[in-house]
Amino acid sequence: GESVGLHLPTLSVQEGDNSIINCAYSNSASDYFIWYKQESGKGPQFIIDIRSNMDKRQGQRVTVLLNKTVKHLSLQIAATQPGDSAVYFCAERRTSYGKLTFGQGTILTVHP
Amino acid sequence: DGGITQSPKYLFRKEGQNVTLSCEQNLNHDAMYWYRQDPGQGLRLIYYSQIVNDFQKGDIAEGYSVSREKKESFPLTVTSAQKNPTAFYLCASSAKSSYNEQFFGPGTRLTVL
């Protein structure tokens, strides 16, 4: 069925390195792709989104890349810090309403 | 402070009992959502509401019920018909102009004994 999923469940990096978190999606009809960060015991927080007609979007220390040819989404975090340690979820939105479909999540661990 | 509150943080119930989870927001958002999160999994949508007095089923609505009588409140009832109610429940809200950016509450961890 239609789904949003992740290649790697865990990612460990050293402080200061760049991190790349990947996500595969199956529905080409999605209008938006979104990244959320969830710290332990808390609700998710919005990071960045990208419209389906874009290839790249940059935020503060983060970049999202969208490759529609292979239905792949990635989140790049520059100069990763220990505070970036969290679970990262990709999500997609297909309708004019706010219904999001979330992927499984990737655990990012940043070592000092 | 503007935000979303969920109460209580931890909730224990006996099997067969209905339980209502509270969600309140003072962000003046029109849309509100309920998600369920199980260990090692993503969020799954239970119900959502775009406007007061209206709501739609999400992907896993069976065994749950909601109401949206006020803009700021969207309580979720976990009924005895829900087969596996033990989970982490998250409430969220968003503005009409920014559906991608949902603001989440701290969650309620429900344990059914």
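None of these values were measured; they are calculated from a predicted model.

Draft legend 1. How the structure looks around the overall build of chain A. In terms of helices and strands, chain A carries zero helices and eleven strands. Listed by position from the N terminus, the elements making up chain A come as β-β-β-β-β-β-β-β-β-β-β. Against the compact-globule benchmark of 13 Å for 112 residues, chain A has a radius of gyration of 13 Å, which places it among compact chains. Projected onto its principal axes, the C-alpha positions of chain A cover 40 × 30 × 20 Å. Within the span of chain A, comprising 112 residues, buried residues form 42% of the whole.

Draft legend 2. Region of the structure containing the pairing of strand 1 (residues 4-7) of chain B. Residue and element names in this part refer to chain B. Of the two faces of strand 1, only one is covered, namely that formed by I4 and Q6; the face formed by T5 and S7 stays uncovered. Bridge analysis of strand 1 against strand 3 (residues 19-25) gives four bridges, and the strand direction is antiparallel. Looking across to strand 3, one finds that I4 is bridged to Q25.

Draft legend 3. Summary view of the layout of surface pockets. Quantified by volume, the largest pocket comes out at close to 420 Å³. What lines the largest pocket is a set of 23 residues, and nearest its centre among them are B:Q37, B:D38, B:P39, B:G40 and B:Q41. Every element with two or more residues in the lining of the largest pocket is listed here: strand 9 (86-93) and strand 11 (106-111) of chain A together with strand 9 (87-94) and strand 11 (108-112) of chain B. With three residues, the top contributor of residues to the lining of the largest pocket is strand 11 of chain B.

Draft legend 4. Main features of the interface of chain B and chain A. The partner chain A presents 20 residues to the 21 residues of chain B that form the contact. Roughly 1,600 Å² is buried in total at the junction of chain B and chain A, and carbon and sulfur atoms are behind 54% of that figure. Per-residue buried area on chain B facing chain A is highest for B:L43, B:Y99 and B:N100; these three make up 35% of the total on that side. In this assembly, chain B and chain A are joined by one salt bridge. For B:D59, the salt bridge is made with A:K99, and the minimal N-O distance between the two is 3.4 Å. Where chain B meets chain A, there are six residue pairs in polar contact (both at pLDDT 80 or more). Of all the elements in the fold, those that place two or more residues in the side of chain B that touches chain A are strand 4 (31-37), strand 5 (43-51) and strand 9 of chain B. Top element by residues in the side of chain B that touches chain A is strand 5 of chain B. It accounts for four residues. Residue classes in the side of chain B that touches chain A are distributed as ten nonpolar, eight polar and three charged.

Draft legend 5. Molecular detail of the packing of aromatic side chains. Counted according to the given criterion, the structure contains twelve aromatic pairs over all chains. Taken together, a centroid distance of 5.5 Å and an interplanar angle of 55° make the contact between A:Y36 and A:F102 tilted. Of this pair, A:Y36 sits in strand 4 (residues 32-38) while A:F102 sits in strand 10 (residues 100-102), and the two are 66 residues apart along the sequence. According to the relative accessible area criterion, A:F102 is buried, its value standing at 8%. These aromatic residues form a ring-pair network of at least three members: A:Y36, A:F46, A:F89, A:F102, B:Y33, B:Y35, B:Y48 and B:F104. One Lys or Arg, B:R68, reaches over the ring of B:F74 and ends 5.9 Å from the middle of that ring.

Draft legend 6. Structural context of the sheet that holds strand 8 (residues 76-78) of chain B. Residues and elements named next belong to chain B. With respect to topology, four strands assemble into an open sheet ordered 1-3-8-7, the strand pairing being antiparallel. Only two strands of the sheet have a single neighbouring strand rather than two, namely strand 1 and strand 7 (64-66). Taken pair by pair, the neighbouring strands of this sheet meet at an average axis angle of 20°, ignoring direction.

Criteria and cut-off values
- Residues numbered from 1 in each chain as written.
- Chains lettered and ligands numbered in written order.
- Predicted model: local features only at pLDDT ≥ 70, side-chain atom pairs only at ≥ 80, totals over all residues.
- Heavy atoms only, no water.
- Helix = DSSP H or I, 4+ residues; strand = E, 2+ residues; numbered from the N terminus.
- Rg over C-alpha atoms; globule rule 2.2 N^0.38 Å.
- Buried < 20%, exposed > 50% of the residue type's maximum accessible area, 1.4 Å probe, protein only.
- Pairing = 2+ DSSP bridges.
- 1 Å grid on protein atoms, 1.4 Å probe; cavity = no way out; pocket = protein on both sides within 12 Å on 5 of 7 lines; lining within 4 Å.
- Points joined across faces, edges and corners; volume = space filled by probe spheres on them.
- Contact = heavy atoms within 4.5 Å.
- Buried area = accessible area lost by both parts, 1.4 Å probe.
- Salt bridge = Lys/Arg side-chain N within 4 Å of Asp/Glu carboxyl O.
- Polar contact = N/O pair within 3.5 Å; in protein donor to acceptor, adjacent residues only side chain to side chain.
- Nonpolar A, V, L, I, M, F, W, Y, C, P; charged D, E, K, R; others polar.
- Phe/Tyr/Trp six-rings, centres within 6.5 Å; stacked < 30°, edge-to-face > 60°.
- Lys NZ or Arg CZ within 6 Å of the ring centre and 35° of its normal.
- Axes fitted to C-alpha atoms, helices over the stretch in contact; angles between N-to-C directions.

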